[in-house]
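# A structural walkthrough
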Amino acid sequence: MKLYEYVARRLLLLFPVLLGVLLITFYISRIILDPTAAYVTEKTPESAIPAIRKQLGLDQPFPVQFAIYIKDLFTLNWGWSKTAHDAVINAIAAHFPATVELTIFAFLLTIGIGIPIGIISALRSNSLVDHATRFTALVGISTPVFWLALMLQYIFTYWTKNNGLPYLPSTGRYDPILILSYPVQKITGLMILDSLIQGNWIMAWDAFNHLILPAITLSFLNIGVIARITRSSFLEVLRQDYISAAKAYGLPERRIYYKYALKNAMIPVTTISGLMFGGMLGGAVITETIFAFPGMGWLAVRAITYNDSATILGFTVLATFIYVFTNLVVDIIYAWLDPRIKY
C-alpha cells in the first residue's frame, strides 16, 4: 500500500473515532451541564425557559438532540459563549492563536534542548555529564508545573523588579498600554508574526517577552521526558549489530552516530513529541491560567467556572480534532523514519 492510500484509509477511520468521542462528550454534557445556562440570566422569567429549551431542541429525544448537535457542528453553529459574550466559534478563533503561538515556542524549546541533552547523555554514558543530565531531566519531570510557574514569576518579575533589574512580564500576551501606541492589525492571530509582518518591532519584542516565562513553564517537564527517552533509545540503537558492524568497517563515529543511529533512535521520540504537541495545543490549562495567558486553556477554565456548556463542548471538539490529527501526522512520520513499518 502506498503512502497516500494509507493516509486516505486513516482519514476514513478517523470518522468513527470522532463520532464516538462526540457522542460520549455530548452525553456527559447533557448529564452534568445545563445547556440553557448561556441563555438564561437572573432577569429571565421562568415562563420563558420552556421556550428556550424548545428552541435549543432540548424537548426532543436524545438521538434527535445529537443529530442537531452534529448538524450545528458542520454549519459552525457551536452556540453562544456566556464566558466570551460571543459565538463559541468566534471565541475559539480569538483564543486559539494564542495557544498555537505558545505551543510552537514551548515545543521548539522542548525539542531544541531535550534531544541534544539526551544524545550527549547517551554518548557519554555513566560519565559525570551523563549523571548531571539525568539528574536535570529527573528534576524537570518531578517539578510541579504550578510551583515552577509561581517561582519563575517571583524570581524573574517581582524579585528582579524590586531590585531594579530588568524583568519579564508575568501575565498577559502583550502590554495593554503599549499596544495603544503601537497597534497591531490581526492577520494570522499570532501576535509576534503579525507584528513582524507589519514591521512593528516594538510589539513583536513585547509579545516575545510575554511568551518566555509561560513557554519555559510549559516545556520544562517535557524537556526532561524527551531527554530521558532520547538517551534510552539512542543507547539501545548503539547496541545493535549493524552499529557494531559499521564500527568494525572503520566508518567515522560521527557518521555512524548521526547518519545511521540517530534516525532509528528518533522513532519513539517522534511518537512522544507528537503527543506532547497535541497536549500543548489542546490547551495548557494550568500554565495559561497562572500567567493569565488568553489561550484555549484559559478560556476553558473560565467556561468551567461559569458552567458554560457550549464553550466547554466547543473546547472538547477542538481538542479531539487536534489529538486525532496529531496522531495521524505522527503515524506518517513514524512510517517515514522506519520503512519496515507496513502501512
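All of the points below concern the structure found in this document. Positions within a chain are numbered from 1, following the residues in the order the chain's sequence is written. Note on the predicted model: pLDDT of at least 70 is required for a residue's local features to be given, and 80 or more for side-chain atom pairs to be given and counted; whole-chain, interface and lining totals, by contrast, use all residues. Side-chain measures were taken over the full set of non-hydrogen atoms in the model, leaving aside hydrogen atoms and water.

For helices, the axis comes from a line fit to the C-alpha atoms of the stretch in contact; other axes are also lines fit to C-alpha atoms, and the angle between any two N-to-C directions lies between 0 and 180 degrees. Working definition: helices are DSSP H or I runs of at least four residues, strands are E runs of at least two. Numbering for both runs from the N terminus. Between helix H4 (residues 88–123) and helix H13 (residues 296–305), the shortest axis-to-axis distance is 7 Å and the interhelical angle comes to 135°. In terms of orientation, H4 and H13 fall into the oblique class. Where H4 abuts H13, its residues Ala-91, Ile-92, His-95, Phe-96 and Thr-99 lie against Met-296, Gly-297, Trp-298 and Leu-299. Each residue is assigned to one of three groups, with Ala, Val, Leu, Ile, Met, Phe, Trp, Tyr, Cys and Pro labelled nonpolar, Asp, Glu, Lys and Arg labelled charged, and all others, Gly among them, labelled polar. Here the contact of H4 with H13 is composed, by residue class, of six nonpolar, three polar and no charged. Our angle categories are set so that under 35 degrees counts as roughly parallel, over 145 as roughly antiparallel, 65 to 115 as roughly perpendicular, and the remainder as oblique. The contact definition used throughout considers only heavy atoms, calling two residues in contact when any of these lie within 4.5 Å.

For His-85, which is not a glycine, the phi torsion comes out positive at approximately 55°. If you trace the backbone, His-85 turns up in the loop between strand E1 (80–81) and strand E2 (86–87). Here the term buried applies to any residue with accessible area under 20% of the maximum for its type, exposed to any over 50%, and partly exposed to those in between, with areas from a 1.4 Å probe on protein chains only. You can call His-85 exposed: its relative accessible area is 62%. Although it is not a glycine, Asn-126 adopts a positive phi angle of roughly 65°. Within the secondary structure, Asn-126 is located in the loop between H4 and helix H5 (128–142). Taking the relative accessible area as the measure of exposure, Asn-126 reaches 59% and is therefore exposed.

Before going further, it helps to examine the nonpolar core. Among buried residues, those of type Ala, Val, Leu, Ile, Met, Phe, Trp, Tyr and Cys that are joined through side-chain atoms within 4.5 Å constitute a nonpolar core. Core analysis: the largest hydrophobic core is formed by 23 residues, its most contacted members being Leu-102, Met-191, Leu-218 and Phe-293. Per-element tally for this core: the top contributor is helix H9 (residues 201–238), with seven residues. Each residue touching Phe-293, except ones within four places of it in the same chain, is listed here: Ala-98, Leu-102, Gly-172, Arg-173, His-210, Leu-211, Pro-214, Glu-288 and Trp-298. Of all hydrophobic cores here, the second largest spans 22 residues; its members include Ile-70, Val-88, Ala-91 and Leu-313.

In this section: the pattern of salt bridges. Each reported salt bridge corresponds to a side-chain nitrogen of Lys or Arg within 4 Å of a carboxyl oxygen of Asp or Glu. By the definition in use, this model includes four salt bridges. With a closest N to O distance of 3.5 Å, Asp-72 and Lys-71 form a salt bridge. The closest approach of N and O atoms between Glu-101 and Arg-173, which form a salt bridge, is 3.2 Å. In this pair, Glu-101 is assigned in helix H4 and Arg-173 in the loop between helix H6 (145–162) and helix H7 (178–181), connecting sequence segments 72 residues apart. Summarising the burial analysis for this pair, Glu-101 and Arg-173 share the class buried.

Looking at the element boundaries, Asn-77 is found in the loop between helix H3 (62–74) and E1. Classification of Asn-77 as partly exposed rests on a relative accessible area of 45%.

This part covers the packing of H9 against helix H11 (residues 253–281). Packing of H9 against H11 leaves a shortest axis separation of 9 Å and a crossing angle of 150°. Taken together, the axes of H9 and H11 lie roughly antiparallel to each other. Crossing handedness for the pair H9 and H11: right-handed. Along its contact with H9, which presents Leu-218, Asn-222, Val-225, Ile-226, Ile-229, Thr-230, Ser-233, Phe-234, Val-237 and Leu-238, the element H11 presents Tyr-257, Ala-261, Leu-262, Asn-264, Ala-265, Met-266, Pro-268, Val-269, Ile-272, Ser-273, Met-276 and Met-280. Residue composition of the contact of H9 with H11, by class: 17 nonpolar, five polar and no charged. Crossings are classed by handedness, with left-handed meaning an anticlockwise turn of the near helix from the far one by less than a right angle and right-handed meaning a clockwise turn.

Everything listed here is a matter of coordinates, which is why it stays silent on function.
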